[in-house]
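Below are the chains, spelled out letter by letter.
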Amino acid sequence: MNEFKSQKIKAVLKALLKKKGLTYEALAEQMECSVPTIKRILGPEELTLNRLLHLCEILDTNLAELETLRAEEDTGSPSFTEEQDAFLAKNKNYFAYLMKLFDGMTPKQIADEYQLTARTTDKYLLGLEKHDLIRVTGKQKVKPAFKTVPNLGNGALARAHSESFIKSIAYFFIDLVREGLYSQKKKEERNQATFSTQVVKVSKASYLAWIEEQQKSMRSFEKLATYEEKTKTPEELMTAVIVSAHTILRHDYEGLKKISSTFGEITNF
């Protein structure tokens, strides 16, 4: 079975386990094996057809349904498991290391940049591998277990990182806007950046349709970026930073006042 496809199927199996409330202990009992064996089956170990069929029987599903669920996973945003979410929320340094791997850096490049010892690098890799967050290819290359960065959701990981992430990005763009306003460089030599806010009134159906179009566009852009990263030289590439945030609210939502007063308050003289 293709390695990447196998990982996708395992992700679907884990989601079904969670939905049915089946723990690894309960699954191990039904499959007459140990919990460490279950972790290997759903982790780095090759998933054999016999074991896959046995899992389908326990989860009351079949191969056709699994393939459908896997395809749905491909078209949506991946997500961390509850165990992965808790681990990365508790260990921010591992999360930071994983994000560098998502950026395309190798363990050696990360070690060189942050002056990590070989022992520290091994510890990072073992910890991430233990939680099925990375995989080692046939060429001994370390890659994240997910094709794209998973959605942080609204669990412990999101609570641990979202606020600092939003603030970091905001200040990043503040610096770019400031550079654009005050820089003495020629226009063509300045960094190009846009930052805007649109507030419109629209039906919920139209809003959801717009979101779907945005997601399709982003997936296409990510595929293009992946292709160019493999086919173009480092000198031809630049780093694109894309920030997306949107919501739909009732007109009387109190927080909207903050947007309306962005440029200052209107008061009596």
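Preceding this paragraph is the structure being described.
As the structure is a computational prediction, the values presented were derived from the model and not from experiment.

> Pulling in residues and values, what's your account of the overall build of the protein?
The secondary structure content of the protein amounts to 12 helices and two strands. Along its sequence from the N terminus, the protein presents helices and strands in the succession α-α-α-α-α-α-α-α-α-β-β-α-α-α. Within the protein, counting contacts between residues at least 6 apart in sequence, those at least 24 apart form 61% of the total. Carbon together with sulfur atoms contributes 53% to the accessible area of the protein, which is approximately 20,200 Å² in total. In the protein, the 40 positive side-chain charges and the 37 negative ones have mean positions that sit 3 Å from each other.

> Before we move on, could you go through the packing of aromatic side chains and cite the residues and values that matter?
Counted according to the given criterion, the structure contains six aromatic pairs. The rings of Phe87, Tyr94, Tyr97 and Tyr124 are connected pair by pair, giving a single aromatic cluster.

> So what's going on with the packing of helix 6 (residues 82-90) against helix 10 (residues 156-182)? Which residues, and what values?
As a packed pair, helix 6 and helix 10 sit with axes 7 Å apart at the nearest point and diverge in direction by 35°. Handedness of the crossing formed by helix 6 with helix 10: left-handed. Contacts between helix 6 and helix 10 involve Asp85, Leu88 and Ala89 on the former and, on the latter, Ala156, Leu157, Ala160 and His161. Here the residues of the contact of helix 6 with helix 10 sort into five nonpolar, one polar and one charged.

> Can you lay out the state of the cysteines for me, pointing to particular residues and giving the numbers?
For the coordinates displayed, the defined rule picks out zero disulfides. Not part of a disulfide, Cys33 finds its nearest cysteine sulfur in Cys56, a span of 16 Å.

> If you had to explain a nonpolar patch on the surface to someone new, which residues and values would you point to?
A contiguous nonpolar surface patch, about 490 Å² in accessible area, is contributed by Val177, Leu181, Tyr182 and Phe195. Structurally, the position occupied by Leu181 is in helix 10.

> Tell me about unusual backbone geometry, residues and numbers included.
For Asp60, which is not a glycine, the phi torsion comes out positive at approximately 55°. By secondary structure assignment, the location of Asp60 is in the loop between helix 4 (49-58) and helix 5 (63-75). Phi at Gln115 takes a positive value of approximately 55°, unusual for a residue other than glycine.

The rules we used
Residues numbered from 1 in each chain as written. Predicted model: local features only at pLDDT ≥ 70, side-chain atom pairs only at ≥ 80, totals over all residues. Heavy atoms only, no water. Helix = DSSP H or I, 4+ residues; strand = E, 2+ residues; numbered from the N terminus. Contact = heavy atoms within 4.5 Å. Areas by Shrake-Rupley, 256 points an atom, 1.4 Å probe, with all protein chains shown as cover. Lys, Arg positive; Asp, Glu negative; His and termini not counted. Charge placed at Lys NZ, Arg CZ, Asp CG, Glu CD. Phe/Tyr/Trp six-rings, centres within 6.5 Å; stacked < 30°, edge-to-face > 60°. Axes fitted to C-alpha atoms, helices over the stretch in contact; angles between N-to-C directions. Left-handed = near helix turned anticlockwise from the far one by under 90°. Nonpolar A, V, L, I, M, F, W, Y, C, P; charged D, E, K, R; others polar. Disulfide = S-S within 2.5 Å. Patch = residues over 30% accessible without salt bridge, like charges linked within 9 Å, V, L, I, M, F, W, Y side chains within 5 Å. Salt bridge = Lys/Arg side-chain N within 4 Å of Asp/Glu carboxyl O.

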